[in-house]
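Spelled out from the first residue to the last, the chains are:
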Amino acid sequence: MNVKKTDVVIIGSGLAGLMTADYLCDEKNVMLITKSELNHSNSWLAQGGIAAAITKEDHWQEHYEDTIVAGGFHNRKETTELLVKQGSSLISRLIEIGVNFDKDKNNQLSLGMEGAHQKRRILHAGGDATGKVIVEAVMARVIPRVEIFEREMAFDLHVEDGVCRGVFTKDEQGSIWYIEADHVIIATGGVGQLYSATSNCKEATGDGIAMAYRAGAEVADMEFIQFHPTLLMNGDSSCGLISEAVRGEGAKLVTEEGCYLMKGKHPMEDLAPRDVVAREIFHSKLKQEKIFLNIANVKNFKQRFPSIYKMCEKNPEMLENKLLPVEPGAHFIMGGIKVNRKGQSSIENLYAVGECAYTGVHGANRLASNSLLEAVVFSERLSRTVLNKKQINNREKGAPSIVIKNKTSKELPTTEEIQNVMDQYVGIIRNKKGLQKAIQWFGQYESILREKSHYQLSTQEKIISNMLTVGFLVTKASLLRNESRGGHYRNDFPMKNDDQWFGYRSVFKNGELCRERFIENEASVQGSLPELKKELSIS
Ligand code: SIN
């Protein structure tokens, strides 16, 4: 087997992976591998922006409050505080490295508005191309300083005596590599491709989460999937995201008859938290009613949202009528590989950062524009963890031996079959009966789900197996959580059940699913806004 050796290997090329590489590469040899191309990531596609309390009219406590209210009071308070506090100071780092955030006519940073924020605090760039602008700036720094391997897929972690010692990869020629590293960092992003309608890039198949789970890492809160309310529809299929920032600038969701969809449904109406708006649109869809985003009130739509405008131009009558047909689609997973505030997983020398990591900052439903922020804040924290870690002699052990087993005879499902099951039973609205049907369906693939090594599979089979694993974890956790909270909605348990679930996350430990208490401070407030406000004014 071919062997590569490095100090740090980073798997994934979204903002979290790239920024971690940027922070580390002056002091460590860093390899970054991605199964497709460097610029194929959800970060690259992020339109809305990056949230931060940077004006004197705003305060990190207000951003914190919005994050926790949108998160259904399910956030880890300690990490959420770090997110919003450190976030505002790290914005200057982005500006220093050349990110040109949009400015207003007075040359001040132009701040956008999005759902569930009390204030305008969304920095954006290139109008609606924030992710691309930030990623390009970081990529320009990383490319000359880091060894990058594109079209190379990581498929198995090597864990020995409880320590992660490296990762197996397969390159585009089909050669297998073992990358021996002191630190293995998973930054593989989300799982949107589990569903037929998604805002995610085609690479978002949950590979890193599945790989970490197979290696025995703890994985938490997988039931919490966020569905973005407004994917642009072209007939029956979605063709891209329409940023919530469009509603922030005055667009309204309307029915075919022109009635306001969100009127009277939530105090923040069109800017209610995403889970609330997505469910409303989904209910209309179930009644065969079409929903549109009316952009008549959005000033300078073409200049403010150039990429969205371009997407709509393919169907010019949408722009003429100022009515964009929309439906919800899978957007973000709040759960993932469980990490502590330093980015460390439950396996020594294995770390996770970005969407694939569960830091607890998003609670049950991520606040708009907090995902790029998470990448920026936790990549910085993780790199400090790696740099401060006492060197252990992890290497010079060579490639581990591999037991090659016969390939399982069970035929794998197609991507569409997985998506069908997830759409139907584990989507925006769930219940026990449907979730049990999904579990039964996954049960046919038990031998594949139990398989610890993907060595013998083709690249496409590896991806399908990862999707099966992650889909199964989402389904199992959704069945366990017999309440509704944020992105997880059960119509057989339509309310929050604080007595049973407040302060508890679902965690897969050694393959077993359990409830785990996570509230750091036993005296911590219960889940209500007045209590949260009281706590904030005390601290
Ligand atoms: C959007 O622009 O609506 C998506 C941004 C985000 O998910 O935070």
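Residues numbered from 1 in each chain as written. Predicted model: local features only at pLDDT ≥ 70, side-chain atom pairs only at ≥ 80, totals over all residues. Heavy atoms only, no water.

The next point concerns the overall build of the protein. Counting secondary structure elements, the protein contains 18 helices and 20 strands. Relative to the compact-globule value of 24 Å for 539 residues, the protein shows a C-alpha radius of gyration of 22 Å, a close match. Out of the 539 residues in the protein, the part that is buried amounts to 60%. In the protein, of all internal contacts separated by at least 6 residues, the share reaching a separation of at least 24 is 73%. For the protein, the exposed surface amounts to about 21,500 Å²; the carbon and sulfur share of it is 47%. Of the charged side chains in the protein, 68 are positive and 69 negative, and the gap between their average positions amounts to 2 Å. (Helix = DSSP H or I, 4+ residues; strand = E, 2+ residues; numbered from the N terminus. Rg over C-alpha atoms; globule rule 2.2 N^0.38 Å. Buried < 20%, exposed > 50% of the residue type's maximum accessible area, 1.4 Å probe, protein only. Contact = heavy atoms within 4.5 Å. Areas by Shrake-Rupley, 256 points an atom, 1.4 Å probe, with all protein chains shown as cover. Lys, Arg positive; Asp, Glu negative; His and termini not counted. Charge placed at Lys NZ, Arg CZ, Asp CG, Glu CD.)

Another aspect to go through is the pairing of strand 11 (residues 225–234). Most of strand 11 sits inside the fold, with 9 of its 10 residues counted as buried. One ladder, built from 3 bridges, connects strand 11 with strand 12 (residues 237–241); its direction is antiparallel. Its bridge partner being in strand 12, methionine 233 is matched across the sheet by serine 238. Connecting strand 11 to the antiparallel partner strand 12 that follows it, the hairpin turn spans 2 residues, and glycine 235 within it adopts a positive phi of roughly 65°. (Pairing = 2+ DSSP bridges.)

Here we take up the sheet that holds strand 12. Judged by pairing direction, the sheet is antiparallel, and its 5 strands sit side by side in the order 12-11-15-14-13 without closing on themselves. In this open sheet, the two edge strands, each paired with only one partner strand, are strand 12 and strand 13 (252–255). Along the sheet, successive strands turn relative to each other by an average axial angle of 55°, direction set aside. The strands touched by helix 8 (residues 274–286) are strand 11, strand 13, strand 14 (291–294) and strand 15 (323–333); relative to strand 11, the strand with the most contacts, the crossing angle is about 50°. (Axes fitted to C-alpha atoms, helices over the stretch in contact; angles between N-to-C directions.)

Moving on: the environment of asparagine 200. The topology assignment puts asparagine 200 in the loop between strand 9 (176–186) and helix 6 (207–214). Taking relative accessible area as the criterion, asparagine 200 reaches 9% and is therefore assigned buried. Sequence-wise, asparagine 200 and leucine 367 are 167 residues apart; in three dimensions their C-alpha atoms are separated by 17 Å. Look past the residues within four positions of asparagine 200 in its chain and what remains in contact with it is Asn42, Leu45, Gly190, Val191, Gly192, Gln193, Ala330 and His331. From its side chain, asparagine 200 meets the backbone nitrogen of glycine 192 in a polar contact 3.0 Å long. (Polar contact = N/O pair within 3.5 Å; in protein donor to acceptor, adjacent residues only side chain to side chain.)

Let's shift gears to the packing of aromatic side chains. For the coordinates displayed, the defined rule picks out 11 aromatic pairs. Residues tryptophan 441 and phenylalanine 442 carry aromatic rings whose centres are separated by 5.1 Å and whose planes lie at 80° to one another, so their mutual orientation is edge-to-face. The exposure classification of tryptophan 441 matches that of phenylalanine 442, with both residues buried. With 5.9 Å between their ring centres and 65° between their planes, phenylalanine 442 and phenylalanine 472 make a pair best called edge-to-face. Here phenylalanine 442 is found in helix 14 (residues 432–443), whereas its partner phenylalanine 472 is found in helix 16 (residues 459–480), with 30 residues between them in sequence. (Phe/Tyr/Trp six-rings, centres within 6.5 Å; stacked < 30°, edge-to-face > 60°.)

Residues spaced three or four apart along an α-helix point in a common direction, a consequence of the helix completing one turn every 3.6 residues. Helix length check: helix 4 (residues 77–96), at 20 residues, gives a terminal C-alpha distance of 29 Å against a target of 28 Å (1.5 Å per residue), a fit within 8%. In helix 4, a bend of some 40° at glycine 87 exceeds every other bend along the element. Listing the buried residues of helix 4 in full gives Lys77, Thr79, Thr80, Leu82, Leu83, Val84, Gln86, Gly87, Ser88, Leu90, Ile91 and Leu94. (Expected span 1.5 Å × (residues − 1). Bend = angle between axes of the 7 residues up to and from the residue.)

Taken together, the neighbourhood of the ligand is formed by Gly48, Glu114, His228, Leu241, Ser243, Glu244, Arg274, His331, Arg366, Ala368 and Ser369. Glycine 48 places a main-chain nitrogen or oxygen 2.9 Å from an oxygen atom of the ligand. Here glutamate 244 contributes a backbone N or O atom positioned 2.7 Å from an oxygen atom of the ligand. Here the ligand loses 96% of its free accessible area of 260 Å² to cover by the protein chains. Tallied by class, the residues present in the shell around the ligand amount to 2 nonpolar, 5 polar and 4 charged. (Near = heavy atom within 4 Å. Nonpolar A, V, L, I, M, F, W, Y, C, P; charged D, E, K, R; others polar.)

With that settled, consider the sheet that holds strand 20 (residues 512–517). Taking strand neighbours across the sheet as the criterion, the 5 strands line up as 18-16-10-19-20 in an open arrangement whose pairing is mixed. Each edge of the open sheet is held by one strand with a lone partner, namely strand 18 (357–358) and strand 20. Note: strand 10 (residues 219–220) against strand 16 (residues 336–338), 2 bridges, orientation antiparallel. The residue bridging alanine 220 from the neighbouring strand is glycine 336, located in strand 16.

The next point concerns the nonpolar core. Among the nonpolar cores identified, the biggest contains 63 residues, and Ile186, Leu194, Tyr195, Met222, Leu350, Phe442 and Val474 are the most heavily contacted of them. It is helix 16 that provides the largest number of residues to this core, a total of 9 residues. In this view, phenylalanine 442 contacts Val421, Met422, Leu449, Leu468, Gly471, Phe472 and Thr475; residues no more than four positions away in its chain are not counted. Membership of the second largest hydrophobic core comes to 60 residues, among which are Met139, Val376, Phe502 and Val507. (Core = buried A, V, L, I, M, F, W, Y, C linked by side-chain atoms within 4.5 Å.)

Let us now look at the packing of helix 1 (residues 15–24) against helix 12 (residues 371–388). The geometry of helix 1 relative to helix 12 is characterised by a closest axis approach of 8 Å and an angle of 35° between their N-to-C directions. Every pair of crossing elements has a handedness; the one defined by helix 1 and helix 12 is right-handed. Between helix 1 and helix 12, the residues in contact are Leu15, Ala16, Met19, Thr20, Tyr23 and Leu24 and Leu372, Ala375, Val376, Ser379, Glu380, Leu382, Ser383, Val386 and Leu387, respectively. (Left-handed = near helix turned anticlockwise from the far one by under 90°.)

What the second largest pocket holds in volume is close to 780 Å³. For the second largest pocket, the lining is made up of 29 residues, of which Met233, Asp236, Lys285, Glu327 and Pro328 are closest to its centre. If you list the elements that add at least two residues to the lining of the second largest pocket, you get strand 11, strand 12, helix 8 and strand 15. Tallying contributions element by element places strand 15 first for the lining of the second largest pocket, with 6 residues. Across the lining of the second largest pocket, the residue classes tally to 14 nonpolar, 9 polar and 6 charged. (1 Å grid on protein atoms, 1.4 Å probe; cavity = no way out; pocket = protein on both sides within 12 Å on 5 of 7 lines; lining within 4 Å. Points joined across faces, edges and corners; volume = space filled by probe spheres on them.)

Its place among the elements puts serine 92 in helix 4. Classification of serine 92 as partly exposed rests on a relative accessible area of 39%. A C-alpha to C-alpha distance of 9.8 Å links serine 92 and isoleucine 54, two positions 38 residues apart in sequence.

On to the pairing of strand 8 (residues 163–170), then. Successive side chains on a regular strand alternate, one facing one side of the sheet and the next facing the other. With respect to burial, strand 8 is a largely interior element, 8 of its 8 residues being buried. In this structure, strand 7 (residues 153–160) lies alongside strand 8, joined through 7 bridges in antiparallel fashion. From the neighbouring strand, aspartate 156 faces strand 8, where its bridge partner is phenylalanine 168. Hairpin connection of strand 7 to strand 8: 2 residues between the antiparallel strands, including aspartate 161 at a positive phi of 50°. Across 5 bridges, the pairing between strand 8 and strand 9 is antiparallel. Bridge assignment links threonine 169 to a residue of strand 9, and that residue is tryptophan 177.

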